[in-house]
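Chain by chain, the residues run as shown.
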Amino acid sequence: CCCCCSAALQIVVRFLHLALLGAVIGLAFGLVTSFWLACIFNDPCLELVLTFGAAYACHYVAEDLLGASGLLAVTIMGFTMSIIGGRQITRRIKVEMHAFWGALLWLANTILFIWIGVTLGLLLPPKPVHPALQLKVDFSQYLSAADVGWAVVLYLWLLASRAVAIGVFYPLLSSGRVGYALNWKEAIVMVWAGLRGVVGV
């Protein structure tokens, strides 16, 4: 029982370290970046470089230096920037900023899914016969049929948990007081689409 309590405590401490420290780092980077943006006027190149560099530095500091969640840190930084920093970006540069980040998002998505496709092509049967594509590690000793079954169970569990979360907040989301007024068709799409894309991967 003592070992179970110790393991549970370690899990809680690790979760708080990942979540809270990542959020604090993201908030700090968002505030500092917003302050720097307020000191720049009508300089598209500098504003683009600042937002890109700050996002990269935020992830690096959180994930590699402090062991927190880099993804959560960058997400909180983005929220902070949308609330505070968005007002500091020069009006005529906003279109360029949106185009830059849109192109960067497309490029990152493309690279990620090409990498996933190549990796799965090497791992899943039928395996490639060319010697240059043969892997020295046999992944069958690490991945069993039970693991695949548990992955399906996890996927269904995540789908159900998203449905419950959106169902609980549906009255607020559909009222129009928060964001856009959501209808039931859009709620179904949100449940299904929430496990797609880069974050789900």
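Every chain begins its residue count from 1, and numbering advances along the sequence as written. Under the rules for a predicted model, residues below a pLDDT of 70 receive no local features and side-chain atom pairs below 80 are neither given nor counted, while totals for whole chains, interfaces and linings still include all residues. Heavy atoms throughout the structure, all of them, feed into the side-chain values; hydrogens and water do not.

Participant: How do you make sense of the overall build of the protein chain when you look at a structure like this?
Facilitator: Starting at the N terminus, helices and strands are each numbered in turn, a helix being any DSSP run of H or I of at least four residues and a strand any DSSP run of E of at least two. A tally of helices and strands in the protein chain yields 7 helices and 0 strands. Going residue by residue from the N terminus, the α and β elements of the protein chain occur as α-α-α-α-α-α-α. Remark: exposure states derive from per-residue accessible area (1.4 Å probe, protein chains only) relative to the maximum for the residue type, with buried under 20%, exposed over 50%, and partly exposed in between. Evaluated residue by residue, the protein chain yields a buried proportion of 18% over its 201 residues. In what follows, residue pairs with any heavy atoms lying within 4.5 Å of each other are defined as contacts. Put simply, of all contacts in the protein chain between residues at least 6 apart along the chain, 67% involve residues at least 24 apart. A 1.4 Å probe and the Shrake-Rupley method give the accessible areas. Residues count as covered only by the protein chains that appear here. For the protein chain, the computed accessible surface area is about 14500 Å², with 76% contributed by carbon and sulfur atoms.

Participant: Please explain the environment of Ser 69 as it appears in this structure.
Facilitator: Along the polypeptide, Ser 69 turns up in the loop between α2 (44-65) and α3 (70-83). Sequence separation between Ser 69 and Leu 20 is 49 residues; the distance between their C-alpha atoms is 8.9 Å. Dropping the residues within four chain positions of it, Ser 69 is found in contact with Leu 18, Gly 22, Ala 62 and Glu 63. Any N or O atom pair separated by 3.5 Å or less is treated as a polar contact, with the protein-specific requirement of one donor-capable and one acceptor-capable atom, and with residues adjacent in sequence counted only for side-chain atom pairs. At a separation of 3.1 Å, a polar atom in the side chain of Ser 69 contacts the main-chain amide nitrogen of Leu 72.

Participant: Explain the environment of Leu 173 here, please?
Facilitator: Tracing the chain through its elements places Leu 173 in helix α5 (residues 145-175). Separated by 14 residues in the primary sequence, Leu 173 and Ala 187 place their C-alpha atoms 9.1 Å from one another.

Participant: Would you mind going over the packing of aromatic side chains with me for this structure?
Facilitator: Geometry of an aromatic ring pair is reported as the spacing of the ring centres plus the angle between the planes. Here a Phe, Tyr or Trp ring, Trp counted by its six-membered ring, pairs with any other such ring whose centre lies within 6.5 Å, and the pair is stacked when the planes are under 30 degrees apart, edge-to-face when over 60, and tilted otherwise. As enumerated under the stated definition, the model contains 3 aromatic pairs in all. Measuring from centroid to centroid gives 6.3 Å for Phe 52 and Phe 100, while their planes differ by 80°, and the two rings are edge-to-face. Of this pair, Phe 52 sits in helix α2 while Phe 100 sits in helix α4 (residues 94-123); the two residues are 48 residues apart in sequence, bridging distant segments of the chain. We classify Phe 52 as partly exposed; its relative accessible area is 39%. Classification of Phe 100 by relative accessible area gives partly exposed; the value is 29%.

Participant: Could you clarify how one ought to interpret a nonpolar patch on the surface in this entry?
Facilitator: Where nonpolar side chains cluster on the molecular surface, the patch consists of Val 12, Phe 15, Leu 16 and Leu 20 and spans about 390 Å² of accessible area. Mapped onto the elements, Phe 15 comes out in helix α1 (residues 2-38). Here a patch means residues that are over 30% exposed by relative accessible area and free of salt bridges, tied together within 9 Å if like-charged and within 5 Å if nonpolar (Val, Leu, Ile, Met, Phe, Trp, Tyr). Take a side-chain nitrogen of Lys or Arg and a carboxyl oxygen of Asp or Glu: if they are within 4 Å of each other, that pair is a salt bridge.

Participant: Honestly, α2 in this entry has me stumped. Any pointers?
Facilitator: An α-helix turns once per 3.6 residues; consequently, residues spaced three or four apart project the same way. To estimate the expected span of a helix, subtract one from its residue number and multiply by 1.5 Å. Taking 1.5 Å of rise per residue, 22 residues should cover 32 Å, and α2 covers 30 Å from first to last C-alpha, within 8% of that figure. For α2, the set of buried residues is Pro 44, Glu 47, Leu 48, Leu 50, Thr 51, Ala 54, Ala 55, Cys 58 and Ala 62. End-on, the buried residues of α2 take up no more than an arc of 165°, which puts them together on one face. Summarising the geometry of α2, the exposed residues directed more than 90 degrees from the buried face are Cys 45, Val 49, Tyr 56, Asp 64 and Leu 65. Directly beyond the C-terminal end of α2, a positive phi value near 70° is found at Gly 67. Directions from the helix axis toward the C-beta atoms define the arc.

Participant: Before we go on, may I ask you to explain the nonpolar core in this structure?
Facilitator: Inside soluble globular proteins, nonpolar side chains tend to come together where they are buried. Ranked by internal contacts, the top residues of the largest apolar core, which has 15 residues, are Ile 25, Leu 37, Cys 58, Ala 62, Ala 73, Met 77 and Ile 89. Taken together, the elements giving at least two residues each to this core come down to α1, α2 and α3. Here this core takes 5 residues from α2, the largest share from any one element. When near neighbours in sequence (up to four residues on either side) are disregarded, Ile 25 contacts Cys 58, Val 61, Ala 62, Leu 66, Ala 68 and Ala 73. We call a set of buried residues a nonpolar core when its members are Ala, Val, Leu, Ile, Met, Phe, Trp, Tyr or Cys and they connect through side-chain atoms within 4.5 Å of each other. Judged by nonpolar contacts, the second largest core, of 5 residues, contains Leu 159, Ile 166, Ala 187 and Val 191.

Participant: I would appreciate a short explanation of the confidence of the model for the protein chain in the present structure.
Facilitator: Low pLDDT marks regions whose predicted coordinates should not be analysed in detail. Here the protein chain shows a mean pLDDT of 81. Residues at 70 or above account for 81%. A residue's pLDDT is the confidence the predictor assigns to it, expressed on a 0 to 100 scale. Of all the helices and strands in the protein chain, helix α7 (residues 197-200) carries the lowest mean pLDDT, 65, while α2 carries the highest, 90.

Participant: Is there a simple way to think about the environment of Leu 182 in this case?
Facilitator: By the element assignment, Leu 182 lies in the loop between α5 and α6 (184-193). The exposure class of Leu 182 is buried, given its relative accessible area of 13%. When the C-alpha positions of Leu 182 and Tyr 170 are compared, they lie 7.7 Å apart, and in sequence the two are 12 residues distant. When neighbours within four sequence positions are excluded, Leu 182 is seen to be in contact with Tyr 170, Leu 173, Ser 174, Ala 187 and Met 190.

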